[in-house]
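Coordinate analysis (summary)
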Amino acid sequence: MTITRKASFLAVCATVLLAAAPAAVAEQIIFVATGTFDATGTSRLDNIAGVDISFDTGIGVLNLEDGEFSFATFGQFNTSLTDAATPVQVDTGFTLNITQSAPTFDTYDFTGSISGRIYSEGSTLVMQFNGPLTFTTADGRVRYDILNADSGTPGRIVISAPNTNGGITSVNGQVTLNAIPEPSAFALMGLGIPALLLFRRRLAAA
């Protein structure tokens with residue numbers, strides 16, 4: 001095969017592969033993050049050892065392409081209404097729920113959860129999420145990860161006192177849109193490969 005024919009063959013290969021690859025299209029991800037304290041069964045922990053804490057809902061609207069990720073906030077702990085000088089003897093479970101309304105899975109919203117424990121550590125209030133600190137929607141399309149790691153411990157969040165940062169502590173996360181090949185891409189590649197083989201055979205015969 002001459003250099004010219006090799007170049008032509010490579011050009012055809014590139015054309016077929018480009019045609020088979022689906023164009024990147026941004027997809028909108030919409031989610032709502034809510035929290036529930038086991039001690040009350042609600043998003044508020046009222047007057048537990050003199051501590052008043054609420055979990056403020058987090059809402060996210062992201063536009064991502066396949067394989068992209070974005071940082072997000074999965075709600076906030078709010079201690080601004082606490083009157084106690086120090087949070088003492090607080091120990092209860094906590095569950096973070098993330099409900100995704102877009103894209104939907106099989107026409108239904110998807111909800112995943114990550115649980116943990118909120119407790120006092122001396123004069124500090126700590127939220128420790130249990131592993132794994134991630135979940136993926138049932139269709140494998142969207143992944144949610146908690147990124148907080150205070151003191152180097154994954155899933156650990158030191159909750160701000162009322163006089164620090166307005167009593168607000170965010171649950172920091174990452175949302176990833178997993179790349180899943182479209183069926184049309186496989187179909188195009190299936191059509192393109194025989195064409196390449198036929199083209200190469202003709203060049204060899206020539």
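Everything below is about the structure shown above.
Residues numbered from 1 in each chain as written. Predicted model: local features only at pLDDT ≥ 70, side-chain atom pairs only at ≥ 80, totals over all residues. Heavy atoms only, no water.

Describing the overall build of the protein chain
Secondary structure assignment for the protein chain yields 2 helices and 12 strands. Helices (α) and strands (β) of the protein chain occur, in sequence order from the N terminus, as α-β-β-β-β-β-β-β-β-β-β-β-β-α. Here the protein chain holds 206 residues, and the buried ones make up 36% of them. Taking all contacts inside the protein chain whose residues are at least 6 apart in sequence as the whole, residues at least 24 apart take part in 69%. Total accessible area on the protein chain stands at roughly 11200 Å², and carbon and sulfur atoms take up 57% of it. (Helix = DSSP H or I, 4+ residues; strand = E, 2+ residues; numbered from the N terminus. Buried < 20%, exposed > 50% of the residue type's maximum accessible area, 1.4 Å probe, protein only. Contact = heavy atoms within 4.5 Å. Areas by Shrake-Rupley, 256 points an atom, 1.4 Å probe, with all protein chains shown as cover.)

Considering the nonpolar core
One finds Phe74, Phe77, Leu96, Phe129, Tyr144, Val171 and Val175 to be the most contacted residues of the largest nonpolar core, which totals 32 residues. Per-element accounting of this core gives the leading share, 4 residues, to strand 1 (residues 27-37). (Core = buried A, V, L, I, M, F, W, Y, C linked by side-chain atoms within 4.5 Å.)

A word on the packing of aromatic side chains
Counted by the stated rule, this structure contains 12 aromatic pairs. With a centroid separation of 5.6 Å and an interplanar angle of 80°, the aromatic rings of Phe31 and Phe74 are classed as edge-to-face. Linking Phe31 in strand 1 with Phe74 in strand 5 (residues 69-78), this pair joins segments that are 43 residues apart in sequence. Taken as a pair, Phe31 and Phe74 share a single burial class, namely buried. Seen in terms of ring centroids, Phe55 and Phe94 are 5.2 Å apart; in terms of plane orientation they differ by 55°. Their pairing is tilted. Taken together, the positions of Phe55 in strand 3 (residues 51-56) and Phe94 in strand 6 (residues 91-105) put the pair 39 residues apart, joining distant regions of the chain. With respect to class, Phe55 is no different from Phe94; both count as buried. Ring pairs connect the aromatic residues Phe31, Phe74, Phe110, Phe135 and Tyr144, which therefore count as one cluster. Here the guanidinium or amino end of Arg117 rests over the ring plane of Tyr119, the centre of that ring lying 4.1 Å away. (Phe/Tyr/Trp six-rings, centres within 6.5 Å; stacked < 30°, edge-to-face > 60°. Lys NZ or Arg CZ within 6 Å of the ring centre and 35° of its normal.)

Points about the sheet that holds strand 7 (residues 108-121)
With respect to topology, 6 strands assemble into an open sheet ordered 4-1-6-7-8-11, the strand pairing being antiparallel. The open sheet is flanked by strand 4 (58-64) and strand 11 (156-159), the only strands paired with a single partner. The sheet shows a mean angle of 25° between the axes of neighbouring strands, taken without regard to direction. In this structure, strand 1 lies alongside strand 6, joined through 8 bridges in antiparallel fashion. In the strand pairing of strand 6, Thr36 is matched with Thr95. (Pairing = 2+ DSSP bridges. Axes fitted to C-alpha atoms, helices over the stretch in contact; angles between N-to-C directions.)

A closer look at unusual backbone geometry
The linkage connecting Ala102 with the following residue, Pro103, adopts the cis geometry, with an omega of -10°. Take Pro103: it is sitting in strand 6. Omega for the peptide link from Gly131 to Pro132 comes to -5°, which places this bond in the cis form. In this structure, Pro132 sits in the loop between strand 8 (124-129) and strand 9 (134-136). The backbone of Ser151 sits at a positive phi, close to 60°, despite the residue not being glycine. One can find Ser151 in the loop between strand 10 (142-146) and strand 11.

Side note on the pairing of strand 1
The pairing of strand 1 with strand 4 spans 7 bridges and is classified as antiparallel. Residue pairing in the sheet places Ile30 in a bridge with Val61 of strand 4.

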